[in-house]
Amino acid sequence: MEELVSDTAVAPSDIDQLNELITRVREYNPQVDEALIRRAYEYSARMHAQQKRKSGEPYVTHPLNVALIAAQLKLDVPSIVTSLLHDVVEDTEASLVEIEQLFGPEIAHLVDGVTKVSKISFSSREEKQAENFRKMIIAMGRDIRVVLIKLADRLHNMRTLDSMPPDRQEEISRETLEIYAPIAHRLGIYWLKSELEDNAFRYVNPVAYSTLKSYVAKTRNEREQYIKAVIEILARRLAEAGVKAEVTGRPKHFYSINRKMEEEEIGFDQIYDLIAFRIIVATVRECYEALGVVHANWKPVPGRFKDYIALPKINMYQSLHTTVIGPRGQRMEVQIRTREMHRVAEEGIAAHWTYKEGADDHHEGETERFAWLRRLIEWQQNLKDPQEFLSTVKADLFPEEVFVFTPKGDVLDFPEGSTVIDFAYRIHSQVGHHLVGARVNGRMVPLRYRLTSGDTVEVITSERQTPGKDWLNHVATARAKSRIRQWLRSQQAERSRELGISLLNNELEPLGLSVAEMRTQHRFDAILKDFSHRDVDGLLAAVGYGLTTPAQVLAKLLNAEELKLYRAAKQPPVASPSQASKERSAREARRAAENAVVVSGLGDVMVRFARCCNPLPGEAITGFITRGRGVTVHLVGCPQALIADPQRRVPVVWKDGDEAPRPIRLEVLCVDQPGLLAAMTKAIASAGVNISTAEVKTTGADRRALSIFELSVKNASQLSGVMHSLATIDGVMRVSRLGHVNGHRS
């Protein structure tokens with residue numbers, strides 16, 4: 001959805017783009033209902049007439065451009081119409097009932113699926129974003145066209161992001177990289193994925209983007225000559241071998257180049273395979289013949305050959321990938337595929353469908369092609385916490401796959417980095433819970449063993465085994481993570497129930513009463529509604545969690561005589577001077593923590609910050625009630641927070657004006673050269689940030705240095721400024737924050 005600016009301007013009368021849209025659709029759908037598309041455009045223009053985009057353009061230019069992108073995706077007429085109408089229900093007075101009356105139930109269904117209006121009241125922007133993504137996944141399961149229209153919507157917004165304020169540019173771009181680009185990748189629409197990534201990269205890391213763009217521009221002429229020379233050589237050698245082929249070359253897009261630099265920790269001058277060559281032939285047999293020609297002429301790089309023809313990607317992508325040492329000693333990537341494979345690679349899911357106008361079940365066969373989509377639907381059903389769902393999907397969205405075999409010879413695909421624990425949970429949750437070991441290719445391996453393509457895996461279970469918290473450090477799939485977290489939470493709930501019983505029994509002991517006795521007498525049943533619990537176990541667990549105090553329960557549970565005896569027994573003794581001093585120190589510590597954040601819905605409560613993610617003012621945070629330690633504040637998405645029961649979550653926000661410095665650690669990878677450390681410390685000092693400690697290590701052979709700084713920063717904005725200043729220093733290759741969310745460097 002585009003953010004709006006109210007205005008009285010009407011939609012433009014120029015309909016050149018509308019005519020272009022109809023022409024594009026007619027190219028792949030000669031039976032296009034032109035009148036329906038024009039009617040949808042006119043309705044959209046009328047409903048958005050008083051709205052403008054942030055850029056000042058009439059708002060209707062946005063849905064029209066979304067429809068043009070949908071036509072580029074070769075979507076059917078209902079999808080084109082939905083693209084024109086996708087914001088009218090959310091941003092105008094239009095209703096779904098009116099849409100159905102004017103355009104029919106199918107289009108109303110699609111508009112409803114794309115509409116981002118949420119009727120649930122969320123406690124934070126992050127939670128709303130997570131829930132919206134969950135809804136998108138559900139909509140994908142019902143009709144894949146919904147997410148394709150969403151992708152077209154996001155692509156046009158990314159193309160026109162200049163008019164948004166910088167903070168929104170970065171926020172939207174990060175969401176694009178984390179969610180939308182991976183979905184485009186999984187759907188196999190690579191041109192859309194690449195454009196989303198490059199547009200987002202421009203705002204997420206503007207310094208790296210502009211530097212890389214400048215470097216690529218400087219070497220453009222040399223690169224074009226190289227491409228031409230290699231194409232001529234490839235075409236000649238293939239013809240000599242009797243393989244009729246079309247050979248093309250193209251530069252890789254900026255985001256993929258930058259990601260390669262980060263992964264391999266290399267500079268611009270060390271990036272050699274900026275170019276990918278593509279060989280398109282007629283048959284599968286010719287693909288392998290062409291591969292033989294390539295390898296016969298240039299030495300292949302070990303470990304860089306992928307056969308996606310024999311083992312297609314989950315999105316049905318097929319191709320041979322190899323990297324060779326080409327002319328002038330430069331690495332170059334070569335992709336080999338048939339024309340049909342190329343069509344699938346270019347069009348993605350659109351290459352698999354043939355929509356029948358008016359059919360009710362046209363999408364069912366297509367969604368069945370995508371096993372990953374069924375898994376997403378399963379996750380959203382099992383993960384009730386929207387933030388955990390979003391975090392889980394982001395972690396599992398579309399990494400490189402490995403293919404392993406069951407003892408029966410069935411092939412299963414897993415994300416790269418998966419272990420035998422992931423394999424066990426793929427078989428069944430109970431197999432995962434009771435996993436004690438595994439045999440891979442006939443030999444015993446530890447649970448942390450990482451799967452590689454071609455492995456044959458046999459699991460060993462025991463009823464005595466149960467998941468450990470450390471298992472989360474050794475799994476890569478969403479299914480395994482969610483099942484382990486669910487089990488850990490169930491154990492937490494059981495321990496909390498037992499603790500709640502213990503706490504209440506301690507309070508009841510002076511009265512000669514117990515929880516067991518009062519449960520037998522059904523005395524708890526009468527107070528369940530007072531505490532909004534369905535059963536007694538839930539109430540007891542709430543006491544163990546700290547959500548409800550024993551005193552609050554007993555105030556409702558005891559009769560007048562029992563309550564009088566209870567209060568008399570609870571009279572506190574006179575505190576000694578040393579005890580009073582300790583209590584005063586505790587109060588002062590609590591007040592200091594409370595000066596930083598506001599905890600919603602709770603009164604006087606102790607607050608502390610989680611060491612696992614070290615949140616800073618300005619970053620999205622969430623709070624969790626802990627046993628006896630008040631509220632612990634985590635970054636939204638922190639894995640330690642995701643393990644905790646969502647029922648213990650409490651909204652927290654930063655207090656305005658909090659300037660208390662907090663420790664964070666930065667890691668800087670740079671060239672080992674004189675004066676660079678001085679330049680870095682000067683940049684940090686210039687930002688008004690104090691360096692607590694600094695540690696520098698040199699790697700020797702490759703002339704690199706790794707510096708770790710512990711800094712005291714006031715907020716996320718100040719940290720961002722420091723990281724940006726360090727990144728712009730000549731010779732600095734990477735700036736990372738340590739101890740951040742998911743343990744990743746940011």
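Just so it is clear, the model here is predicted, and its values are computed rather than measured. (Residues numbered from 1 in each chain as written. Predicted model: local features only at pLDDT ≥ 70, side-chain atom pairs only at ≥ 80, totals over all residues. Heavy atoms only, no water.)

Peer 1: How should I be thinking about the overall build of the protein chain in this particular structure?
Peer 2: Within the protein chain, the regular secondary structure consists of 30 helices and 23 strands. Looking at the protein chain as a whole, 50% of its 746 residues are labelled buried. The contacts in the protein chain between residues at least 6 apart in sequence include a share of 67% that link residues at least 24 apart. Surface exposure of the protein chain reaches about 35700 Å², of which carbon and sulfur atoms provide 49%. (Helix = DSSP H or I, 4+ residues; strand = E, 2+ residues; numbered from the N terminus. Buried < 20%, exposed > 50% of the residue type's maximum accessible area, 1.4 Å probe, protein only. Contact = heavy atoms within 4.5 Å. Areas by Shrake-Rupley, 256 points an atom, 1.4 Å probe, with all protein chains shown as cover.)

Peer 1: Quick question: what am I supposed to make of the pairing of strand β11 (residues 435-440) here?
Peer 2: Along any regular strand, the residues point their side chains to alternate faces of the sheet. For β11 and strand β13 (residues 457-461), the ladder comprises five bridges, and the chain directions are antiparallel. Note that in β13 the partner of V440 across the bridge is V457. As defined by bridge partners, β11 adjoins strand β12 (residues 443-445) across three bridges and the pair is classed as antiparallel. Each residue of the ladder has a partner; that of A438, found in β12, is V445. (Pairing = 2+ DSSP bridges.)

Peer 1: What's the story with the nonpolar core in this structure? I'm lost.
Peer 2: Side chains of a nonpolar character, in soluble globular proteins, are inclined to be buried together. Counting 70 residues, the largest nonpolar core has L21, I37, L85 and I99 as its most contacted members. When near neighbours in sequence (up to four residues on either side) are disregarded, I37 contacts L18, L21, I22, V32, V77, I80, V81 and L84. Core analysis: the next-biggest nonpolar cluster, separate from the first, contains 25 residues, A424, V431, L435 and V440 among them. (Core = buried A, V, L, I, M, F, W, Y, C linked by side-chain atoms within 4.5 Å.)

Peer 1: How should the side chain of D76 be read in this particular structure?
Peer 2: Its location among the elements puts D76 in the loop between α3 (61-72) and α4 (77-85). Within the structure, the side chain of D76 is placed 2.5 Å from the side chain of S79, a separation counted as a polar contact. Polar side-chain contacts of D76 include one of 2.7 Å to the side chain of R145. (Polar contact = N/O pair within 3.5 Å; in protein donor to acceptor, adjacent residues only side chain to side chain.)

Peer 1: How should the pairing of strand β20 (residues 662-671) be read in this particular structure?
Peer 2: Among the ten residues in β20, seven count as buried, and that is most of the element. As judged from the ten bridges shared by β20 and strand β22 (residues 704-713), these two strands associate in the antiparallel manner. In the sheet register, V668 faces β22, and the bridge partner there is S707. Pairing between β20 and strand β23 (residues 732-738): six bridges, direction antiparallel.

Peer 1: Quick question: what am I supposed to make of the sheet that holds β11 here?
Peer 2: The strands making up a sheet associate through hydrogen bonds between their backbones, and the pairing can be parallel or antiparallel. As summarised here, the arrangement of the three strands in space is β12-β11-β13, forming an open sheet in which the pairing is antiparallel. Every other strand in the sheet has two partners, leaving β12 and β13 as the edge strands with one partner each. Direction aside, the axes of adjacent strands within the sheet are offset by 35 degrees on average. (Axes fitted to C-alpha atoms, helices over the stretch in contact; angles between N-to-C directions.)

Peer 1: I tried to follow the pattern of salt bridges on my own but got confused; where do I start?
Peer 2: A side chain of one charge can pair with a side chain of the opposite charge when the charged atoms of the two come close. Overall, the coordinates contain 20 salt bridges when judged by the stated rule. What you see here is one network of salt bridges that share partners, running through R26, E34 and R38. (Salt bridge = Lys/Arg side-chain N within 4 Å of Asp/Glu carboxyl O.)

Peer 1: Is there a simple way to explain helix α7 (residues 105-114) in this structure?
Peer 2: Inspection of α7 places I107, A108, L110, V111 and V114 among the buried residues, and these make up the whole buried set. Along α7, the residues classed as buried sweep out an arc of 160 degrees about the axis, all on the same side. (Arc of directions from axis to C-beta.)

Peer 1: Quick question: what am I supposed to make of the packing of aromatic side chains here?
Peer 2: To describe a pair of aromatic rings, you give the distance between the ring centres and the angle between the ring planes. All told, the structure shown has eight aromatic pairs when counted by the stated rule. Between F201 and Y255, the aromatic rings sit 6.0 Å apart at their centres with planes inclined by 70 degrees, giving edge-to-face as the arrangement. Of the two residues, F201 is situated in helix α11 (residues 190-204) and Y255 in helix α14 (residues 254-264); the sequence distance between them amounts to 54 residues. Here the two residues F201 and Y255 agree in accessibility, since each one is buried. Members of the aromatic cluster, each reached through a chain of ring pairs, are F201, Y209, F254 and Y255. We note R426 situated over the ring of F414; from NZ or CZ to the ring centre the distance is 5.1 Å. (Phe/Tyr/Trp six-rings, centres within 6.5 Å; stacked < 30°, edge-to-face > 60°. Lys NZ or Arg CZ within 6 Å of the ring centre and 35° of its normal.)

Peer 1: When you look at the environment of S686 in this model, what are you seeing that I'm missing?
Peer 2: Summarising the element assignment, S686 is placed in helix α29 (residues 676-686). Among the residues examined, S686 registers a relative accessible area of 60% and is labelled exposed. In this structure the C-alpha to C-alpha distance between S686 and S725, which are 39 residues apart in sequence, comes to 9.2 Å. There is a polar contact of 2.8 Å between the side chain of S686 and the backbone oxygen of K682.

Peer 1: Would you mind going over helix α26 (residues 560-569) with me for this structure?
Peer 2: Each turn of an α-helix holds 3.6 residues, which means side chains three or four residues apart point in the same direction. Residues of α26 that are buried include every one of E562, L563 and Y566, and no others. All buried residues of α26 fall inside an arc of 100 degrees around its axis, so they share one side. The exposed residues of α26 that point more than 90 degrees off its buried face are A560, E561, K564 and A568.

Peer 1: Which parts of the structure should I look at to understand the packing of helix α20 (residues 420-427) against helix α22 (residues 478-508)?
Peer 2: For any two helices packed against each other, the geometry is given by the interaxial angle and the distance between the axes. Direction vectors running N to C along α20 and α22 enclose 80 degrees, while the axes themselves pass 8 Å from each other. As summarised for this structure, α20 and α22 are arranged roughly perpendicular, according to the angle between their axes. Across from I421, D422, Y425 and R426 in α20, the residues of α22 making contact are R479, A480, R483 and I484. When its residues are assigned to classes, the contact of α20 with α22 shows four nonpolar, no polar and four charged. (Parallel < 35°, antiparallel > 145°, perpendicular 65-115°, else oblique. Nonpolar A, V, L, I, M, F, W, Y, C, P; charged D, E, K, R; others polar.)

Peer 1: Mind showing me how you'd approach the side chain of D455 here?
Peer 2: Mapped onto the elements of the fold, D455 is located in the loop between β12 and β13. Although buried, D455 forms no salt bridge, and the nearest oppositely charged side chain, R443, lies 7.1 Å from it. Within the local environment of D455, its side chain forms a polar contact with the backbone nitrogen of T452, the two atoms lying 2.9 Å apart. Aside from chain neighbours lying at most four places away, what touches D455 is F403, V404, F405, V440, N441, Y449 and R450. (Lys, Arg positive; Asp, Glu negative; His and termini not counted.)

Peer 1: Would you mind showing me how to read a nonpolar patch on the surface here?
Peer 2: A surface patch of nonpolar side chains, amounting to about 210 Å² of accessible area, comprises L311, F405 and V411. Counting through the fold element by element, L311 comes out in the loop between β6 (306-307) and β7 (320-325). The class for L311 is partly exposed, based on a relative accessible area of 34%. (Patch = residues over 30% accessible without salt bridge, like charges linked within 9 Å, V, L, I, M, F, W, Y side chains within 5 Å.)

Take it as geometry only, folks, not as evidence of what the structure does.
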